[in-house]
Structures are given as C-alpha cells and as structure tokens.
Amino acid sequence: MTAKTARDVPLVPEPTVALPSLRSTEGRLLWLSSVDHKQIGIMYILAALVFFLIGGIEALLMRVQLATPNGTFLSPQLYNQLFTMHGTTMVFLVGMPLVAGLGNYLVPLMIGANDVAFPRLNALSLWTLVFGGLLLHFSFIAGGAPAAGWFAYPPLSQRTFLSDSGVDYWGIALLITGIGSVGGAINLIVTIVTLRAPGMTYRRMPPFVWLTLLTSFIILFALPTLNATVAMLLLDRQLGAHFFTPYAGANPILYQHYFWSFGHPEVYILVLPFFGIISEVIPVFSRKPLYGYAFVVGSSIAIFFYSFAVWGHHMWAVGMGFWLDLFFAIGTFLIAVPTGVKIFNWLATLWGGQIRFATPMLFALAFLVQFTIGGVTGVQFAVIPFDRQVTDTYYVVAHLHYVLYGGSIFAFFAGFYYWFPKVTGRMFSERLGKLTFWLMVIGFNLTFFIQHVLGWVGMPRRVYTYLDLPGLAVMNLISTLGSFVLALSILTFLVSIVHALLRGAPAGDNPWDAYTLEWATSSPPALHNFAQVPPIRGRRPLWDLNHPELADYRRAGDAVGEGTGSRKEARTP
Amino acid sequence: MIEVGKRRVSRLEAADPNLIGMVLFLAGEVIFFGLLILAYLYYRGQWAATGGPTDDVLDVPLTALFTALLLASSVTYWLAERSLARGQRRGVWGWLLVTLLLGVAFLIGQAVEWMTLFAEGITIGSGLFGTTFFTLTGFHGFHVLMGLVAIGVLFVQAAAGAFRGPHSSALATTALYWHFVDGVWVVVFSVVYLWALLS
C-alpha cells in the first residue's frame, strides 16, 4: 500500500495527551481532526447537548404560546415550524447522537479495547451528524423551516401544499445524518465483534455493550428504510415524481407504512441504550450484580425482533383493515412483555441491595417510575378503540414524553453523572446534582402528567391554539409553568457541569467502586485506554480484582457466578 | 493483568474487520433496494388504472446485452483477485481495467435506455411506471458508479504496484460490494425487464 508515504508527511498533528486543551497549540485542530473514540464520543454528546438546548427553546416557545387560550405569541405558521423542528431535533440530533456518543465513548473501554474498529469512519459519522444538523437549522434563514411534523406525511409534505424549501432541508438533513448513523452502527458492531479483550466473551459483556450492539443492528436495518423513504419524498418534491401523490394514482399511505417501519424501530433505538445505562447504574449503586442478566439481554433480543413488526400501531386511524389491525395489535401487546421483564430485573436488583442515593441513582430510580408510566400508556394504544379515541391528542404527547424524556433522557442524566468523573477526572457537586434532579422531576411531571388529562378531554396535538373551553386554560397553564421548572433544571445542570470542571475534586480511577473495565483505567482515560486490562473471569472483572474475597467466580454455584462463559474456569479460582 | 489485543478467539473475531463492515453495510443496502423494488411491485398493480406509460416501452434485448456485460465484470473482477493470489501483478491491474470498462459499458447502456425513454416523453414525472422505474434503476446506476470509483482507485493503486498479494483486504472488500451490486441488478432485471417480457 502507499500508506507509508502518507505517514511520512502528517496532514494533522498527532495527539500526545488524551484530551488536548483547546488553548494549546493546535488544540482546536487536534479536536476537529480527531479520530479518537473518546474525543469523538465527547463531541457527539456536546453536539447533542447543544441541539438539546435548541430543541428545548423551541418547546418553551410553544408552551408560551399555549399558556393561554387564543394565544397570539406565535403565528400558526411559526408554530408548525417549531413543533416540526422540535420533534426532528430531539429525535435525530439529540437522541441519535447521544446513543452514538455514549456507545463511542464507553464500548471500547468496557470491552477492553484501545479504539473502535474504524476510527476514521467514526469521525466521518460524527461530522455528517453535525453538518446535517446545521443544514436542518439553516432552513430557518433559507425561507422557512419544515412545517409538516417530524414524520412529514404526504400529501401535506408535497410541494403542492408546502412549496417553500423547508421539507427539502428536512429530507436532505435526514439523509446526511442517516448515512452517518449507519456508519456509526457498523463501526460499533465490528468493534464489539472483533476487539473484545481476551476473556470478554459475549456472555460476560456488560449489559450496556449488549444493548448497544442490538441498537446498532436496529439502526443498520431501520435507517436504510428512512433513507429510501426520504429519497422518494425528495424525488416527489424536486423532480416531480409520483411516489405519494394521490392525483397521479399513487398512495400516500405507502409513505406511512415506509416511514413507520423505520419509525417504530427508531423508538427502540432511542430507549435500548438507555436501558443499558440503567442496567449499569442500578447494580453499582445497589452493591449487587444485575439480577437476571440473561433475561435483560434475552428480552432485548426479543425487542430487536418485535420492533420491526409493530409499526402499524402508529396508523390505526388510517383504517388498514381488520387483519392488519389485529396483527399489529398482537405485536404491540407482545413487545410490552420483554420491556416489562426488564423493569422486574431492575426492581429485583434493588431488592435487598445497599442502595446509595447518589445523583446517578436518583435519576435511575426516577427513570423506573416514569418509564413505567410511559410504558403503561403505551400498551394502552394496543387497544385499538382506545387508540382511535386518543390518537393525535395530547395523550400521545404525554405518552411519548414519558418514554423519551422521563425514560431515555432521565437515563441519560443518570449515565452522565455516573460517567462524568471518568470522562473529566472531576467529581461533580452532589448538592447541585440533587438540585438538578429534583427540579427536573418536578418540572417534568408538572409539564407532562397533566397532558394525559388534556388528551382525554380532547385537546388535539399540533394545533397552535385552543378555545377557552372548561379546564383547558388552567391545565395548559400548569403545563407551561412545569416546562419552565424543567428549563430551570437544565440551567442548574449546566451550572453543575461548569462548577465541576472548575472546582470539582479529583475523581480518582473508580469513585463508585464500580464493576466494569472503564473504571480500571485512569480518569480521564489515557490516550490509548489500556496498556493492560484486569483478567476477565466474569461479568464484573473490576469487582473481582478489587474484592478477590467476594469475587463472582468464587460463587460459581449461585446465580451470580453463572454464565461466566466457562464453567471449568469458574470452578478453579 | 493481561495485554490488550493479543489473542484472537473465534473465526469471526479473526475475520477481516473490513469484510465484516462491508457485509453489515450491504445488509442495510438490501433493505434500501428492497423498499424501492417493493414500491415498483406495488405500483405495478396500479398502472392499468392510471392510464400512464407502462413497462411495454422497455427495450428488453438491448438491456439483456448490457446485463451480460455487467455480469461479466464480476467474473473479470474475480480474475483480478485470482491474479493477485498467483502473484501475477500485470493480471491484477489488467483485469481491473477490463472490469472498469465493462462497468462503464453498462452505465452507457443505461444512459441509452434512459435517453430513448426521454425521447418518447417518459420521465420520472410521467406516472407511476416512470417514477418507480427511474428511481430504481437510477439508484442502482448510482451504486455502479460508486463501485467504479472504488475500482478506479484500486486500478491506479494496482498499476502503481501497491498490491503485492496474495491477499488484499481492499480488493476483497470491494469485491463484496461489486458482486452485491451485480446481484441487485439480477433482481432488478428479473423484476422489471423479464416480467415486462411476460406481460
């Protein structure tokens, strides 16, 4: 190969430390050109947090508009743009990069590898996400943002009805970020398959790695569906094709099938890795191993398969016919089972544990409650008459926010505070962390719980205002007040980060006495992660190393030592 | 303590990561083309109702000829790999060049087909057939073009003596992609052209 000549003249400086300072010579270039999985993971999460703030501001503007009946704060057109941008931003520019960023940072460390399999593809995936996101937001100044909702149903999303360029930016941005997501998924799968340290068998992998692996497979099979669908929509808009134009004999329902056969797997992309975080945090803060590891992993494999067979439950208002309705209803009931299994796994892990109510654990516990509420309202949609009653009302808004915010984002904060000392080498202030937690719990539930009732009484989603009917004004006002408490919690979160970075005490390698390999290296981890990793003889290698008298492999007979991969090894400590 | 990255365990872990990555990528591509083909098949049942142009405008024998050229390019690519395994360096770049020319010929064939249809007033905007036909063959053609770019790079590298053999990860990974693109065409040709012949 010609690589030798290329290496003689480096285009970019080689990093010498793990996290180069931005102020150092070439510091910014060292970040922009980085192919290190830790730096890329951090940049993914920073990008997601920036978009999270943007998406949050969009939501706040909508809540201000809805605070009073017949509001005039926003024009209807701008309101349509804002809910479209809020949904698109939160799903594609917050959820997806959080998944990619966490996977990027943690997976190589957790499996005892020095980097991902394709570092340059990794950088490409990151930058396609960033530029795709910028392109989407550029639409605001290029003639108006997309206004057809985050799922852009035709015929509304056709040029006939939305003739400005908003939906075109939406489509192109999703294509670009979609390519990056597929690249990232391939990278993580190959990393997990080929780069595990000796002894790190599949049955010993940390649950977060397992769930990231399954998520990556869902991305791999779901995102091409989105790419094909969006490409068809763009061809309709740009070249006058007729994929979804009713007047040419085409069927817009085809779009709904295509979109949701991506869209429902996407929901599981946005929760499975966060199940992984919860499966790491709850055991460490309960001082117990995860209860029923095989069930956590096995039920997630079931979710992987089911997730591709339930998309029709987004479409019951369409009228698909009895048999399709029945098929998707059964699938939707079934997929609730493996999700419920994991709730019991986590509860049983807590049972009898020595629980430490530190900030990460608080977020994880709130996750359990809130995600369960979101799951319960979710399985209600499998009852088709109920779905037809509440579809496109605030009941759906409340449900999806309980799953994606009360679930995924709370789990993200659990993970953020859990791994923050590892990533930065600094401890955060427990007081600020707990303040953030309580503000967020209060703000979140105040905002969204009342929306269940709003939905019941028939308030439609995606409508820019409402009449002064009994109860609507006060409930909407409560929701708006809640959203500002939620916004306040984000401010204290940012304060807690800045405070920790400036004043935080050094964290040490393993401040939580945790179990997995990322805590075996320094905080922050060295440039190439590990020179050596502890021997991996079970699912908690670092615990085994630090507490040899209590090591899992000494207890091969009970549930803890089970599944160490090799029974012979387990018997001979 | 154990060294990182020393031991390889199973066959999969010892496999070339590039190959695994390409297989995963192509698995996603199956879904992508699957949806385009599905849209073609779905709307195929609706042409009659809309009164637009249908697949009887296609030139099946001409495209069959160019299909043979594309399939031949898979064989010549394999010959390039075989030359590498046997240490015949001239064979490597020679067969890659033939592969490149066959691929270009296929694209020219596609272009001729498209121009003929355009001349008859059939475009992507003229009804369900045009929409699904041009999208499906267009995306396939785009994939062929991307493959030709990759093979072009390999050809230049091979001509510069970069491949010493007996095995090259780059050559093997691109081979997977190229054979996949050919395989997709076999399906597209069957679904679009051979079915047109029957109806």
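Residues numbered from 1 in each chain as written. Chains lettered and ligands numbered in written order. Predicted model: local features only at pLDDT ≥ 70, side-chain atom pairs only at ≥ 80, totals over all residues.

(A) Layout of the overall build of chain B. Each helix and strand in chain B was counted, giving 7 helices and 1 strand. For chain B, the α and β elements follow one another from N to C terminus as β-α-α-α-α-α-α-α. For chain B, the spread of C-alpha atoms along the three principal axes comes to 70 × 45 × 25 Å. Of all 199 residues assigned to chain B, the portion counted as buried reaches 34%. Pairs at least 24 residues apart make up 83% of the contacts formed inside chain B by residues separated by at least 6 positions. (Helix = DSSP H or I, 4+ residues; strand = E, 2+ residues; numbered from the N terminus. Buried ≥ 20, exposed ≤ 12 C-beta atoms within 10 Å, placed from the backbone. Contact = placed C-beta atoms within 7 Å.)

(B) Inspection of the overall build of chain A at higher detail. Helix and strand content of chain A: 18 helices and 1 strand. Against the compact-globule benchmark of 25 Å for 573 residues, chain A has a radius of gyration of 24 Å, which places it among compact chains. Counting only C-alpha atoms and orienting by the principal axes, one finds that chain A spans roughly 70 × 60 × 50 Å. Within chain A, contacts between residues at least 6 apart in sequence are counted, and of these 80% link residues at least 24 apart. (Rg over C-alpha atoms; globule rule 2.2 N^0.38 Å.)

(C) Region of the structure containing the interface of chain A and chain B. The interface of chain A with chain B comprises 37 residues on the first partner and 35 residues on the second. Looking at the side of chain A that touches chain B, the elements that each hand over two or more residues are α6 (166-194), α7 (207-239), α8 (252-269) and β1 (532-533) of chain A. Within the side of chain A that touches chain B, the residues separate by chemical class into 27 nonpolar, 10 polar and no charged. (Nonpolar A, V, L, I, M, F, W, Y, C, P; charged D, E, K, R; others polar.)

(D) Region of the structure containing helix α4 (residues 76-110) of chain A. Look at α4 of chain A: 48 Å from first C-alpha to last across 35 residues, which is about the 51 Å you get at 1.5 Å a residue. Glycine 112 of chain A, located one to two residues past α4 of chain A, shows a positive phi value of around 75°. (Expected span 1.5 Å × (residues − 1).)

(E) Here's a closer look at the nonpolar core. Counting residues in each nonpolar core, the largest one holds 213 residues, and the members touching the most others are Ile278 and Ala414 of chain A. Excluding residues within four positions of it along the chain, alanine 414 of chain A makes contact with Ile277, Ile278, Val281, Pro360, Phe363, Ala364 and Phe367 of chain A. (Core = buried A, V, L, I, M, F, W, Y, C linked by C-beta atoms within 7 Å.)

(F) Quick peek at the environment of aspartate 513 of chain A. Residue and element names in this part refer to chain A. For aspartate 513, the location among the structural elements is in the loop between α16 (472-503) and β1. Using a count of 14 C-beta atoms within 10 Å as the deciding quantity, one classes aspartate 513 as partly exposed. Taking C-alpha positions, aspartate 513 is 9.1 Å from phenylalanine 285, a pair spaced 228 residues apart along the chain.

(G) Fine view of the environment of alanine 49 of chain B. Residues and elements named next belong to chain B. Counting through the fold element by element, alanine 49 comes out in helix α3 (residues 47-50). Alanine 49 gets classed as exposed once you count the C-beta atoms within 10 Å, which come to 9. Linking alanine 49 and threonine 76, residues 27 residues apart in sequence, is a C-alpha distance of 44 Å.

(H) Here's a closer look at the confidence of the model for chain B. With 94% of its residues at a pLDDT of at least 70, chain B reaches an overall mean of 91. Scored by ipTM, the complex comes to 0.93, with pTM at 0.94. (pLDDT = per-residue confidence, 0-100.)

(I) Inspection of the packing of helix α4 (residues 60-85) of chain B against helix α7 (residues 169-198) of chain B at higher detail. Residue and element names in this part refer to chain B. Two numbers describe how α4 lies on α7: the axes approach to 10 Å, and their chain directions differ by 165°. Taken together, the axes of α4 and α7 lie roughly antiparallel to each other. Judged by the twist between their axes, the crossing of α4 over α7 is left-handed. Contact residues: α4 offers Val60, Thr63, Thr67, Leu70, Leu71, Ser74, Tyr77, Glu81 and Leu84, while α7 offers Leu171, Ala175, Trp178, His179, Asp182, Trp185, Phe189, Tyr193, Ala196 and Leu197. (Axes fitted to C-alpha atoms, helices over the stretch in contact; angles between N-to-C directions. Parallel < 35°, antiparallel > 145°, perpendicular 65-115°, else oblique. Left-handed = near helix turned anticlockwise from the far one by under 90°.)

(J) Inspection of the confidence of the model for chain A at higher detail. Here chain A shows a mean pLDDT of 92. Residues at 70 or above account for 95%. Every residue in residues 557-573 of chain A scores below 50 in pLDDT, and together they form 28 contacts with partners more than four places removed in sequence or on other chains.

(K) Broad picture of unusual backbone geometry. Residue and element names in this part refer to chain A. With an omega dihedral of 5°, the bond running from proline 154 to proline 155 counts as a cis peptide bond. Along the chain, the position of proline 155 falls in the loop between α5 (119-138) and α6. Proline 524 follows serine 523 through a cis peptide bond whose omega is -10°. By the element assignment, proline 524 lies in the loop between α16 and β1. A positive phi angle, close to 45°, is found at alanine 152, a residue other than glycine. Its location among the elements puts alanine 152 in the loop between α5 and α6. Residue alanine 152 is classed as buried on the basis of its C-beta count, with 24 C-beta atoms lying within 10 Å.

(L) The packing of helix α6 (residues 127-159) of chain B against α7 of chain B, seen in detail. All names here are of chain B. Axis separation between α6 and α7 bottoms out at 10 Å; the angle between their running directions is 160°. Judged on the interaxial angle alone, α7 and α6 are roughly antiparallel. α6 and α7 meet at a crossing whose hand is left-handed. Contacts between α6 and α7 pair Phe133, Leu136, Thr137, His140, His143, Val144, Gly147, Ala150, Ile151 and Leu154 from the former with Ala170, Leu171, Thr174, Tyr177, Trp178, Val181, Val184, Trp185, Val188 and Val192 from the latter. Of the residues assigned to the contact of α6 with α7, the class counts are 15 nonpolar, 5 polar and no charged.

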